[in-house]
Amino acid sequence: LNWVANLRRAGIHELMVGALDEGMTKICEEHGIPTLSIEANSIKNRGAANLRFDYSAYKRMAAMKVQFYSNILRLGFNVWACDADTAWMAHPAPFVNEYPMQYVDILTTTDCIDVEGDTKGGCWHVDHNTGLVYMRARQGVLDFTAAWKQKIETTRDVMIRDQAALNLLMREGFRSKEWEPPPDPQGRTKARPIYKAWNDRLKIARLPLRYFANGHTFFVQRMYARKEADGSDHPPPFALHMTYQYGDSSKFAYGKRQRMREARVWWVDPPSYFSEGRYLAVAPEGAALPIDTLPNSVTTAEAAGRFNKEDSHLRETLRDALGLATALNRTLVLPRMLCYCDNIWKEMKHCKVGGAFGMTLPFDCPADHILPLVGWFEQGVAFREPGFLTDPGLSP
């Protein structure tokens with residue numbers, strides 16, 4: 001429902017939900033959402049409510065998902081294949097219609113976090129991400145989706161699901177030589193480079209990080225809060241994908257929902273979320289220590305030391321605030337939380353990961369970087385996201 005709510009707010013009404021069970025079909029029908037059923041008997045008896053935690057069922061679901069795309073493509077419709085953890089903010093037609101994108105068969109996002117490098121060349125050393133893919137209804141694409149589904153089903157490795165399978169196929173015969181489109185009659189320059197993949201049977205391009213954000217560029221680098229070179233505001237992205245995050249469990253994707261609440265792209269909380277009870281917030285001057293903007297030359301040890309100092313202060317603040325909120329029967333509004341070091345599973349220098357050395361320390365860190373969200377939610381801790389008291393949904 002939240003995925004649909006974001007689409008509708010962005011003025012995008014050409015949508016279709018692939019329903020994996022009767023419950024999802026019923027919800028879509030009750031809310032007037034176009035839907036097609038996906039035959040999913042093979043995953044009914046899965047071992048986790050969150051499919052990502054049942055690897056075998058997730059692999060079977062991945063094949064069903066690709067078949068769903070194929071069915072729509074055969075009807076002659078171009079397809080934006082989107083995971084439910086994407087949030088659309090604007091209609092993407094202006095980009096996909098730019099020269100020379102009309103020649104591209106498939107456009108993909110990536111897990112690249114290097115915005116500058118992506119702008120220059122497209123981060124072709126980084127894998128494709130299948131959470132957001134644009135496919136045109138062409139025979140070559142139909143042939144590819146058939147091969148894609150077969151790759152998922154016939155590869156014995158349980159981790160070869162839709163994303164890994166797509167990357168394996170795209171690498172077949174891939175050469176890092178740019179395909180040159182016919183000159184544009186209007187003299188426009190190329191929006192993105194185009195390459196041939198899958199043994200020269202497809203023309204592919206990468207959706208730019210500048211307009212299709214991931215969890216790191218949006219929530220950690222905060223690139224959309226920066227000013228452009230001319231001093232103007234950075235344009236909002238067309239879409240945001242909740243990658244590079246933590247805090248999910250086999251029961252529910254708590255971390256993804258928390259990120260969406262923090263970004264104000266979560267629209268399906270009940271009215272009671274904004275109206276029930278009373279709230280307790282920490283004064284901004286008490287929530288964080290005085291800010292130390294760290295130079296780019298800072299060492300990891302220095303940044304980590306400053307991070308630990310801030311973290312210690314925050315935990316003492318949260319301990320006291322939770323105690324007061326509990327005693328006063330109030331709901332705690334999380335304070336601003338500052339991070340002086342990234343939280344990621346890759347090697348870092350200067351407390352920053354490669355590709356994001358230009359980011360500023362500290363940054364406003366998402367809650368899943370600091371808090372054990374699964375425990376907080378499953379133990380019933382009453383809290384709201386930072387900035388909640390300025391949310392337009394709050395009752396006057």
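Here the structure is a predicted model, which means the values were calculated and not measured.

Visitor: Is there a simple way to explain empty space enclosed by the protein in this structure?
Guide: Here the idea is plain: a probe the size of a water molecule rolls over the atoms and shows the empty space left. Throughout the structure, instances matching the rule amount to 1 cavity of 30 Å³ or more. Approximately 60 Å³ is the volume found for the largest cavity. Those elements that place two or more of their residues in the lining of the largest cavity are β5 (106–110), β6 (128–135) and β9 (212–213).

Visitor: Looking at this model, I keep getting lost on helix α2 (residues 22–30). Mind explaining?
Guide: An α-helical segment advances 3.6 residues per turn. Residues three or four places apart therefore align on the same side. By the N-cap criterion, in which a side-chain oxygen at the helix start approaches the backbone nitrogen of a residue two or three places on, α2 is capped by Asp 21, the distance to Gly 23 being 3.2 Å. Backbone geometry just downstream of α2 places Gly 32 in the positive-phi region, at approximately 65°.

Visitor: In this structure, what is going on with the pattern of salt bridges? I would like to understand it.
Guide: Any two side chains of opposite charge can pair if their charged atoms end up close together. One pass over the structure, following the stated rule, counts 24 salt bridges. A salt bridge links Asp 118 to Arg 192; its shortest N-O distance comes to 3.0 Å. Of this pair, Asp 118 sits in helix α5 (residues 115–120) while Arg 192 is found in the loop between α7 (162–170) and β7 (195–197), placing the two residues 74 residues apart along the sequence. There is no split in this pair, since Asp 118 and Arg 192 are both buried. A salt bridge links Arg 306 to Asp 292; the shortest N-O distance between them is 2.7 Å. Pair noted here: Arg 306 is in helix α12 (residues 300–327) and Asp 292 is in the loop between α11 (284–287) and α12, with a separation of 14 residues, a long-range link. Arg 306 gets classed as buried once you look at its relative accessible area, which sits at 9%. Judged by its relative accessible area of 36%, Asp 292 falls in the partly exposed class.

Visitor: In this structure, what is going on with helix α1 (residues 2–9)? I would like to understand it.
Guide: Here α1 lies mainly inside the structure; 6 of its 8 residues are buried. Taken together, the buried positions of α1 are occupied by Asn 2, Trp 3, Val 4, Ala 5, Asn 6 and Leu 7. Contact partners of the buried residues in α1: β1 (17–19), β3 (79–82), β4 (86–88) and α9 (254–263).

Visitor: What is the right way to look at the sheet that holds β4 in this model?
Guide: Strands belonging to one sheet form pairs held by backbone hydrogen bonds; the direction of such a pair is parallel or antiparallel. Taken together, the 3 strands give an open sheet; going across it, the order is β4-β10-β9, and neighbouring strands pair in mixed fashion. Either end of the sheet is taken by a strand with one partner, and the two such strands are β4 and β9. In the sheet, β4 pairs with strand β10 (residues 239–241) via 3 bridges, with the strands oriented antiparallel. Bridged to Ala 87 within β10 is Leu 240.

Conventions we followed
- Residues numbered from 1 in each chain as written.
- Predicted model: local features only at pLDDT ≥ 70, side-chain atom pairs only at ≥ 80, totals over all residues.
- Heavy atoms only, no water.
- 1 Å grid on protein atoms, 1.4 Å probe; cavity = no way out; pocket = protein on both sides within 12 Å on 5 of 7 lines; lining within 4 Å.
- Points joined across faces, edges and corners; volume = space filled by probe spheres on them.
- Helix = DSSP H or I, 4+ residues; strand = E, 2+ residues; numbered from the N terminus.
- Polar contact = N/O pair within 3.5 Å; in protein donor to acceptor, adjacent residues only side chain to side chain.
- Salt bridge = Lys/Arg side-chain N within 4 Å of Asp/Glu carboxyl O.
- Buried < 20%, exposed > 50% of the residue type's maximum accessible area, 1.4 Å probe, protein only.
- Contact = heavy atoms within 4.5 Å.
- Pairing = 2+ DSSP bridges.

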